[in-house]
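Structural overview for review
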Amino acid sequence: MPIDEVLDIMEQQAKVSLVFLDACRNNPFARSLSRTATTRSATALAGPAQFDSTRGSFIAFATAPGAVAMDGSGRNSPFAQAPAAPHPEPGQSMNDMMIAVRRDVVSQTREAQRPWEQGSLLERFEFVPGAGPVTAPEPAAAPALSTQVATLERSVGDDKSAIEKFLRDDYLSPDVKDMRAAVKRLYGPSATVFGTPYDAETLVRVKSDWFVQWASWSLGLEPGSLEVTPHGESSAQAVFAMSYDYTPKDKSAARVAGKARLTLELVKTEKGSRIVSEMSRAM
């Protein structure tokens with residue numbers, strides 16, 4: 001069954017769509033899959049392929065793209081029986097739960113299998129809601145509603161202006177000649193990039209490997225596309241459209257150009273915004 005058909009139906013009927021695929025022994029999405037390669041031992045097209053997720057969806061794979069998941073020795077696979085999977089903690093977000101699941105599976109399989117996910121959730125999702133909000137005592141003299149609204153609008157405006165500057169001057173113009181300094185300036189000590197958690201040093205290697213293959217490149221913020229949602233005083237979510245154009249060093253390779261919609265989770269530090277989560281979806 002084509003996964004995009006399932007996602008289309010779910011998108012029409014639910015605000016949040018969650019899909020967990022524990023069937024990544026061969027490629028379930030390849031149109032050219034041979035009729036003879038239908039068993040779990042087929043290796044001609046190993047692992048899940050990447051595809052675009054629909055709005056408001058979260059898709060978890062038992063393993064990374066191109067890799068093959070293990071059946072395990074018990075009734076369930078390592079992915080299905082990860083301790084974090086059936087017992088999400090109260091208040092734990094979907095992304096946090098998947099980090100715990102990934103850690104369990106990586107440990108159990110001795111790093112042979114790494115669960116992976118992609119998605120475009122528009123709001124935080126928790127399987128088990130956290131404790132209800134604590135009712136704070138009413139202040140002796142609460143500010144007028146108009147004052148509260150004006151303060152909120154000013155705060156959001158300040159955040160948006162600073163974040164737009166951060167995106168234009170830093171995120172979309174990284175110093176590829178000093179990627180270590182660029183990553184330190186852009187990201188937190190650890191960050192989840194496209195569903196995979198990285199420490200700073202690993203992220204330096206990942207980013208360096210990406211940019212080293214291009215003879216030239218350009219990234220741009222699409223005018224009017226930036227939307228900023230503050231999460232309290234110390235963090236915010238930035239969603240925006242980005243144009244990209246990469247020219248490969250290998251002249252026989254094709255140029256890569258287009259637009260993507262990015263979602264960044266940012267935290268505020270003394271030195272400005274830092275990225276703790278980065279997701280992208282082709283437009």
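The preceding data block contains the structure.
Below or above, wherever it landed, is the structure these notes cover. (Residues numbered from 1 in each chain as written. Predicted model: local features only at pLDDT ≥ 70, side-chain atom pairs only at ≥ 80, totals over all residues. Heavy atoms only, no water.)

Notes on the overall build of the protein chain
Spelled out, the test is: We count a stretch as a helix when DSSP gives it H or I for four or more residues in a row; a strand needs E for two or more, and each element gets its number in order from the N terminus. Here the term buried applies to any residue with accessible area under 20% of the maximum for its type, exposed to any over 50%, and partly exposed to those in between, with areas from a 1.4 Å probe on protein chains only. Only the protein chains shown count as cover for residues, with accessible areas throughout obtained via the Shrake-Rupley method and a probe of 1.4 Å.
A tally of regular secondary structure across the protein chain gives five helices and ten strands. Burial status across the protein chain gives 35% buried among its 283 residues. In the structure as shown, the protein chain presents an accessible area of about 17000 Å², 53% of it carried by carbon and sulfur atoms.

Some details on helix H5 (residues 200-211)
Heads up, the condition is: A helix is expected to span 1.5 Å for every residue after the first. By definition, the arc is the one covered by directions from the helix axis to the C-beta atoms. Contacts are assigned to residue pairs that have any heavy atoms within 4.5 Å of one another. N or O atoms closer than or at 3.5 Å make up a polar contact, with two conditions inside protein: a donor-capable atom paired with an acceptor-capable one, and, for residues adjacent in sequence, both atoms drawn from side chains.
With twelve residues, H5 extends 17 Å between its outermost C-alpha atoms, agreeing within 8% with the 16 Å of an ideal straight helix rising 1.5 Å per residue. Those residues of H5 that sit buried are Leu-203, Val-204, Lys-207 and Phe-211. Taken down its axis, H5 places every buried residue within 110 degrees of arc, on the same side. Among the structural elements, helix H4 (179-186), strand E4 (187-193), strand E5 (196-199), strand E6 (214-221), strand E8 (235-248) and strand E10 (272-282) are those in contact with the buried residues of H5. For H5, the N-terminal capping position is held by Asp-199, with its side-chain oxygen 3.3 Å away from the main-chain nitrogen of Glu-201.

Description of the pairing of strand E1 (residues 17-21)
We count it as follows: Two strands qualify as a pair provided that DSSP identifies no fewer than 2 bridges between them.
What you see with E1 is a clean split: Ser-17, Val-19 and Leu-21 sit on the buried side and Leu-18 and Phe-20 on the side with no burial. Here E1 pairs with strand E2 (residues 57-61) via five bridges, running parallel. Paired with Ser-17 across the strands is Ser-57, a residue of E2.

What is shown is where atoms sit, not what they do.
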